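Listed below are the residues making up each chain.
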Amino acid sequence: MNPLIASVLATMFVIIGGVTVLIMLEMTGKTRDNAGKTGLILAHRILGYLFLSLFGFMLFFMIRKVAGFQEELTARAVFHIVLALSLVPLILVKVLVVRRLPQLSEKLPLLGIAIFMLSFGLTGITAGYYVLHRSNLTYTTLSAQDNDVLNMELGKAIMNKKCSKCHSLERVYRAYKSDDGWAGTVNKMALLDSPNITTFDVKQVLNYLIEQQKERQAKNPAGLEDDVGKSLVSSKCSVCHNLDRVFGARKNEKQWTTTVGRMVTTMDEPDFLSEQEKSDIIAFLSRREAIE
Ligand code: HEC
Ligand code: HEC
């Protein structure tokens, strides 16, 4: 769920919970005025059910999200889950007392207040966390001072955990980019998932991606030629569309010749590609298909 929507839902959850409790306290105070009480009971009941549905809805998303985590949960997440789950028996007891055990009904305000306090705490750590951490993300690149903290293993672990949330990691491993290209992508992703991906994460992941791409290249026997082809493709073929479009395509040499010819026609600029550049690109793209 989008963090903003989650915060709004959580805030509604607390407000509805609070109003429900207030109505209940108001009701408890009025022992004589029966007419006024009926209206309040109805309002309390409607809000109560709204509160329950919101809770169920958010619980569903929370469980789905937790089930998708591959790494250990943070202390904050565990605390959040424990709080949320402890609301379940409290709400069940509350409903049970109202329906089946009217003799215990003086205890109801206490239960209601406990439920409200727990939901307030729950919201505090969701909405509050996002509000506090929202805006401290700036465009991050690597600099020489970072060398001491950069660590390949750590970068890989962070990437496996944080970059697999919205798409498969294959999407990341398959991409070929210049250093600046990677910086652009990782920063964009961090912005999409702020505040989950921190500046520290951006640096570690960026370092890992750049280094592992170098390693990949070192293993590739046609490394140097590929470098030429790759940088040509990165600079020339990203003018009109994402490089995903290029690297996602599967073609043999003949098909690449046709496609590149069509791109040159589309570009309609005489010095867009020299004959040499054209054949370098075609050779590089066809070889990629043969290697993979
Ligand atoms: C909040 C969801 C989300 C997270 C988390 C996320 N991505 Fe993405 N990613 C997307 C979306 C949406 C797209 C497709 C839109 C686009 O291309 O701009 C995408 C596309 C990509 C692409 C292909 C497009 C390109 O620019 O090359 C790469 C590579 C990528 N992500 C890498 C990463 C990395 C690395 C991380 C971890 C730092 C990451 N993603 C985390 C949502 C996410
Ligand atoms: C002038 C803009 C432009 C440039 C530059 C450009 N493309 Fe394209 N490309 C397009 C458009 C428009 C489409 C979608 C229409 C189409 O398929 O003809 C496309 C689609 C594609 C596709 C998907 C369609 C297919 O045939 O598989 C591939 C692959 C592709 N381009 C590769 C390249 C390569 C490689 C380069 C660099 C040599 C390149 N493009 C440069 C405009 C461009």
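Quick caveat: nothing in here was measured; it's all calculated off a predicted structure.

Draft legend 1. Summary view of the site of ligand 1. If you check the shell around ligand 1, you find 15 residues, and the closest are Cys163, Cys166, His167, Lys177 and Met189. Contacts to ligand 1 include His167, whose side-chain N or O atom sits 2.8 Å from a nitrogen atom. Taking Thr185, its side chain carries an N or O atom lying 3.5 Å from an oxygen atom of ligand 1. Those elements giving two or more residues to the shell around ligand 1 turn out to be helix H6 (170–174) and helix H7 (179–192).

Draft legend 2. Layout of helix H11 (residues 253–267). Here H11 is 15 residues long and its end C-alpha atoms lie 21 Å apart, about the 21 Å a rise of 1.5 Å per residue gives. Looking only at H11, the buried set comprises Trp256, Thr259 and Val260. All buried residues of H11 fall inside an arc of 95° around its axis, so they share one side. In H11, the exposed positions that point more than 90 degrees away from the buried face belong to Lys254, Thr258, Arg262 and Thr265. Asp268 sits one or two residues past H11 and shows a positive phi near 55°.

Draft legend 3. Expanded view of the nonpolar core. Residues Phe13, Phe51, Phe55 and Leu87 are the most contacted members of the largest nonpolar core, which totals 21 residues. Counting only elements with at least two residues in this core, the list comes to helix H1 (3–29), helix H2 (34–68), helix H3 (75–100) and helix H4 (108–133). The greatest single-element share of this core, amounting to eight residues, is contributed by H2.

Draft legend 4. Structural view of the coordination of the iron atom of ligand 2. Looking at the iron atom of ligand 2, the protein donor atoms are His241 (NE2) and Met263 (SD), and they sit 2.1 to 2.2 Å from it. The site at the iron atom of ligand 2 holds six donor atoms, and with the angles between them running 83 to 179°, its shape is octahedral. Note that His241 is positioned in the loop between helix H9 (223–236) and helix H10 (244–247) and Met263 in helix H11, a separation of 22 residues in sequence. For His241, a relative accessible area of 23% translates into the label partly exposed.

Draft legend 5. Inspection of the packing of aromatic side chains at higher detail. A full pass over the atoms with the stated rule returns four aromatic pairs. Consider the rings of Phe13 and Phe51, whose centres lie 4.5 Å apart with planes at 5°: the pair is stacked. You can see Phe13 sitting in helix H1 and its partner Phe51 sitting in helix H2, a full 38 residues away along the chain. Note on Phe13: relative accessible area 2%, which makes it buried. Of the residues examined, Phe51 reaches a relative accessible area of 8% and is grouped as buried. Taking the centre distance of 6.1 Å and the plane angle of 45° together, the rings of Phe116 and Phe120 count as tilted. Of this pair, Phe116 and Phe120 both sit in helix H4, separated by four residues, roughly a single helical turn. Judged by relative accessible area, which is 24%, Phe116 ranks as partly exposed. One aromatic cluster is present, formed by Phe13, Phe51 and Phe55 through successive ring pairs.

Criteria and cut-off values
- Residues numbered from 1 in each chain as written.
- Chains lettered and ligands numbered in written order.
- Predicted model: local features only at pLDDT ≥ 70, side-chain atom pairs only at ≥ 80, totals over all residues.
- Heavy atoms only, no water.
- Near = heavy atom within 4 Å.
- Polar contact = N/O pair within 3.5 Å; in protein donor to acceptor, adjacent residues only side chain to side chain.
- Helix = DSSP H or I, 4+ residues; strand = E, 2+ residues; numbered from the N terminus.
- Expected span 1.5 Å × (residues − 1).
- Buried < 20%, exposed > 50% of the residue type's maximum accessible area, 1.4 Å probe, protein only.
- Arc of directions from axis to C-beta.
- Core = buried A, V, L, I, M, F, W, Y, C linked by side-chain atoms within 4.5 Å.
- Donors = N, O, S within 2.8 Å, 3.2 Å for Na, K, Ca; no water.
- Tetrahedral: all angles 85-135°; square planar, octahedral: opposite > 155°, others 65-115°.
- Phe/Tyr/Trp six-rings, centres within 6.5 Å; stacked < 30°, edge-to-face > 60°.

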